[in-house]
Amino acid sequence: MSIPARSRTFRNDARRITRTSLPGNPLAPSAARRFVRAALAEWTSLGLLTTCALCQGDEACPPGRHSSDGLADDAVLIVAELVTNAVVHAGTNVELVCRLEPARQEPDDTEGTEGDGLWAPGPDGPSLAPPEPDAAAEHEPAALVIEVSDHHPARSVRSDAHGPAGGGAPDYGRGLQLIAALAEAWGITYRTGLKTVWARLPLDGPTADATAGSGAAAASGVNGVVGEPALRRGLRAAEIIAPAPRGVSREDPDWISRGALSFLAEASDLLAGQLDEDLVAALAGQLLVPRIADWCAIWLDGEGEGHGRAGAVPRLARVWHADESRIETLRALLEKEPPRLLDAQRGPDETGGGGSGGRNVPVPVPWPGSRQTGASDGAAVACRLVAGGRPLGTLVLGRRRLARMPDEVTALIEDFSRRVGLAIGAARRYTRQATISRVLQRSLLPSQVARIPGVESHLVYEPADDGVVGGDFYDVFPAPPGGRWCFMLGDVQGSGPEAAVVTGLARPWLRLLAREGYGVGEVLDRLNRLLLDDAMEAAEAAALMVAAAGGQALAGDEGGLTGLSDLGTLSEIGDMEKGLADSGRGGGLADGGQSRFLSLLYGELAPLPGGGGARCTLASAGHPLPLLLRPDGTVRVAAEPQLLLGVDENVAYESLSFDLESGDTLLCVTDGVTERRSGRLLLDDNDGLTAILAGCTGLNAQGVAERIRRAVHDFDPSPPSDDLAMLVLRAV
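**Some thoughts on the pairing of strand S6 (residues 185-191)**
Next up, step 1: Sheet topology note: the S6/strand S7 (residues 194-202) ladder contains 7 bridges and is antiparallel. Residue pairing across strands places Thr189 opposite Thr196, the latter belonging to S7.
Next up, step 2: In sequence, S6 turns back onto S7 through a hairpin of 2 residues, with Gly193 there showing a positive phi of about 75 degrees.

Structure, rendered in structure tokens:
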């Protein structure tokens, strides 16, 4: 059998295949979905993939009924599942290939060349090993082929054909069951160092069976009508690449059962990464309208409200309407009649009981304004937004020209509302944590630093996470009886509340010791012993709590003391207390317990007679060593390395003194600067920080700090993962 000219032309068209490489991280599935939609949109605009096999002439299908709508939804869902599998179970980079295949004809003994079949080799070699030919099949329709490859072929793709053994949904996705349900054919191909999972999605409508011309006209009709208007192709390409506002036929049961899966997957992707509740509400409205509803509104309960309590006034956070000119009118109507859904209106929980663990079943509510006019334009439902058993708000939506909301739609709304509630709950928890952290951080750090006569200073402090208290701290203050200014730059092991506890102890202790007149080395000696004493008291208190509990379980079992499991068993805590009482005790509590280790750079400045420069005395305890830049561009280390604070009480810390002369610059940093990573490299490898500082000759203190800060950020495209603190002192 001869191969039609149109199929041959299409087969040789290099535009039929597109590929990309994705990093093996949690962002890969969403990037893969965007890539697939972009590929389908490009093929549509070029005419390689017809807008719709069912659209003939000037007649177009209703919104959402194009044959390419289902293809895009299925392709996005399959790609997301396969890429997620590759990221989770292989952990390597993921190679994604999308390819349009023409209809496969019966093999011909006389015509065609190698690669004329469905599995033609791509630019980089054959994408897949060709399957065995089926002698009974004379024809297979044109198809979209998706290939997802990872570089860990020793691990098989996760799939439980018979479902999880214990019942319920597995926590690792739907595996290959979903691909088997959506694809015409699928399989796995292994090569050296590469494993590929592929799926074949047939293109609906007439295929390229009839002989056609050649050139662009031949290539433009893979699965439908040749010569489709360019304007229509462009409009459909825009709908594919931007699916959120795309009109769909919401009464189509096929879309509800298949497209809804893609809708929920994309909704979860968009909502999960948002840390602001108002932005979550805005995204939820745009996702629902006009896909599911003609309008929607979201009320958010205030902090401390909810739980169905009478008198709790919710806040109307977002109103969305398919006709934007009607949003303000709808808002005015909704503000007059806010929903009053109590917990009693929620469905029973999945265990058969009731209460706060129940399902959030959508319930019918009056159409806005119907109480005044007595007329209703459609059906409206409301659903509580719940996270962790706590109501956070209410979602209300409506659809015109309906007496009641279809059951398929209410089930979809229930699932969507659960996702919105979880996103709002996560955003509120982050907001609370960030607020607490900011307040705590302000209380742990000085509101301002002292000005030192004859020395200009500049401070840079950037916590790695605004929602977590950092472990870095700093201070510059005068020490009586006068003529001395002290400075410190420290880094507590870890971050969060544990680091805040140590910071809250160390900085006031340092100020107190300095004002008592102790020298630099003596201040570090006493601070070291104070940290060790505090660690021992914490261990003794833990041992007493365990003894008072009668040796009950420490792992959080019923009747036990929750939160002490990290300290170990009762005998281990006793051994720990005994060990701390021995000479040479350390600051570690136990294996897995919180340590009180602290790195610190501490020094004092005394202005030199004549007003030029200052006498500097400093000591470093496990901290990155300070660097001294001379006016001629030479750089040297200005301190000796010594042991961390809180490790060993038998350490005697020593200080080093030198003159900070006019034009000299002293750079003090934390490990957030020296250990800034780019792959396997550190910024301070091969004296990298020294080289950067040498290029700062002639700059003032602020200029030096800004140059170093910019170098840290430019060292790697990703943001710094550790707190960044830097103190620059320059004698004038």
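**As for the pattern of salt bridges**
Pairing between side chains becomes possible if they bear opposite charge and their charged atoms approach one another.
Next up, step 1: One pass over the structure, following the stated rule, counts 24 salt bridges.
Next up, step 2: For Asp269, the salt bridge is made with Arg33, and the minimal N-O distance between the two is 2.0 Å. In this pair, Asp269 is assigned in helix H7 (residues 253-272) and Arg33 in helix H2 (residues 28-46), connecting sequence segments 236 residues apart.
Next up, step 3: Taking the shortest distance from any N to any O, the salt bridge between Glu184 and Arg200 comes out at 2.3 Å. Note that Glu184 is positioned in the loop between helix H4 (175-182) and S6 and Arg200 in strand S7, a separation of 16 residues in sequence.
Next up, step 4: Since its relative accessible area comes to 39%, Glu184 is described here as partly exposed.
Next up, step 5: The exposure class of Arg200 is buried, given its relative accessible area of 2%.
Next up, step 6: Because the salt bridges share partners, they merge into one network encompassing Glu277, Asp278, Arg315 and Arg428.

**Some points on unusual backbone geometry**
Next up, step 1: Following Val289, the chain continues into Pro290 via a peptide bond in cis, with omega recorded as 0 degrees.
Next up, step 2: Secondary-structure assignment places Pro290 in the loop between helix H8 (277-288) and strand S8 (295-300).
Next up, step 3: A positive phi angle, near 60 degrees, is found at Arg401, a position not held by glycine.
Next up, step 4: Within the secondary structure, Arg401 is located in the loop between strand S12 (390-400) and helix H11 (407-444).

**A closer look at the sheet that holds strand S19 (residues 635-637)**
Next up, step 1: Within the open sheet, the 5 strands sit side by side as S13-S24-S21-S18-S19. Their pairing is antiparallel. Bordering the open sheet on either side are strand S13 (455-462) and S19, each of which pairs with just one other strand. On average, each strand axis in the sheet is inclined to that of its neighbour by 20 degrees, with strand direction left out of account.
Next up, step 2: Relative to strand S24 (residues 724-731), S13 runs antiparallel, the two being bridged by 8 bridges. Among the inter-strand pairings, His458 is bridged to a residue of S24, identified as Val728.

**Section: H2**
Next up, step 1: Taking 1.5 Å of rise per residue, 19 residues should cover 27 Å, and H2 covers 27 Å from first to last C-alpha, within 8% of that figure.
Next up, step 2: Of the residues flanking the end of H2, it is Gly47, one or two places downstream, whose phi is positive at about 90 degrees.

**A few points about the sheet that holds S8**
Next up, step 1: Read from one edge to the other, the open sheet built from 5 strands follows the order S9-S8-S12-S11-S10, with strand pairing classed as antiparallel. Edge positions in the sheet fall to strand S9 (315-321) and strand S10 (363-365), since each has one partner strand and no second. In this sheet, adjacent strand axes meet at a mean angle of 25 degrees when their direction is disregarded.
Next up, step 2: With 6 bridges joining them, S8 and S12 adopt antiparallel strand pairing. Paired with Cys296 across the strands is Leu397, a residue of S12.
Next up, step 3: Strands in contact with H8 are S8, S9 and S12; relative to S9, the strand with the most contacts, it is inclined by about 25 degrees.
Next up, step 4: Against the sheet, helix H9 (residues 327-336) contacts S8 and S9, and its axis sits at roughly 140 degrees relative to S9.

**Side note on the packing of aromatic side chains**
Next up, step 1: The final tally for this structure, using the stated rule, is 3 aromatic pairs.
Next up, step 2: Judged by centre distance (5.6 Å) and plane angle (85 degrees), the rings of Trp295 and Trp367 are edge-to-face. Of this pair, Trp295 sits in strand S8 while Trp367 sits in the loop between S10 and helix H10 (370-373), and the two are 72 residues apart along the sequence. The exposure classification of Trp295 matches that of Trp367, with both residues buried.
Next up, step 3: The residue whose ring lies beneath Arg636 is Phe658, and the NZ or CZ to ring-centre distance is 5.4 Å.

**Remarks on the packing of H8 against H11**
Next up, step 1: Packing of H8 against H11 brings their axes to within 9 Å, and their N-to-C directions diverge by 160 degrees. Comparing the axis directions of H8 and H11 gives the class roughly antiparallel. The hand of the H8/H11 crossing is right-handed. From H8, Glu277, Val280, Ala284, Leu287 and Leu288 reach across to H11, where they touch Phe416, Val420, Ala423, Ile424, Ala427 and Arg428.

**So, the pairing of strand S5 (residues 143-150)**
Next up, step 1: Burial runs high along S5: 8 of the 8 residues are buried.
Next up, step 2: Side chains of S5 alternate between two faces, with Ala143, Val145, Glu147 and Ser149 and Leu144, Ile146, Val148 and Asp150 buried alike.
Next up, step 3: Relative to S5, strand S2 (residues 94-101) is paired through 8 bridges, and the arrangement is antiparallel. Across the sheet, the residue bridging to Val97 is Glu147, located in S5.
Next up, step 4: Pairing of S5 with S7, which is carried by 8 bridges, proceeds in the antiparallel orientation. Bridge pairing in S7 links Val145 to Arg200.

**Quick word on the environment of Gly471**
Next up, step 1: Along the chain, Gly471 falls in the loop between S13 and strand S14 (472-479).
Next up, step 2: It is 9.4 Å that separates the C-alpha atoms of Gly471 and Leu598, two residues lying 127 residues apart in sequence.
Next up, step 3: Beyond its immediate sequence surroundings of up to four residues, Gly471 is in contact with Gly490, Asp491, Val492, Gly494, Ala499, Thr503 and Asp723.

**Considering a nonpolar patch on the surface**
Next up, step 1: Taken together, the side chains of Trp186, Ile188 and Tyr190 define a hydrophobic patch exposed on the protein surface, amounting to about 290 Å² of accessible area.
Next up, step 2: As for its position among the elements, Tyr190 is in strand S6.
Next up, step 3: On the basis of relative accessibility, which here comes to 47%, the residue Tyr190 falls in the partly exposed class.

Criteria and cut-off values
Residues numbered from 1 in each chain as written. Predicted model: local features only at pLDDT ≥ 70, side-chain atom pairs only at ≥ 80, totals over all residues. Heavy atoms only, no water. Pairing = 2+ DSSP bridges. Helix = DSSP H or I, 4+ residues; strand = E, 2+ residues; numbered from the N terminus. Salt bridge = Lys/Arg side-chain N within 4 Å of Asp/Glu carboxyl O. Buried < 20%, exposed > 50% of the residue type's maximum accessible area, 1.4 Å probe, protein only. Axes fitted to C-alpha atoms, helices over the stretch in contact; angles between N-to-C directions. Expected span 1.5 Å × (residues − 1). Contact = heavy atoms within 4.5 Å. Phe/Tyr/Trp six-rings, centres within 6.5 Å; stacked < 30°, edge-to-face > 60°. Lys NZ or Arg CZ within 6 Å of the ring centre and 35° of its normal. Parallel < 35°, antiparallel > 145°, perpendicular 65-115°, else oblique. Left-handed = near helix turned anticlockwise from the far one by under 90°. Patch = residues over 30% accessible without salt bridge, like charges linked within 9 Å, V, L, I, M, F, W, Y side chains within 5 Å. Areas by Shrake-Rupley, 256 points an atom, 1.4 Å probe, with all protein chains shown as cover.

Geometric values such as these leave the question of function open.
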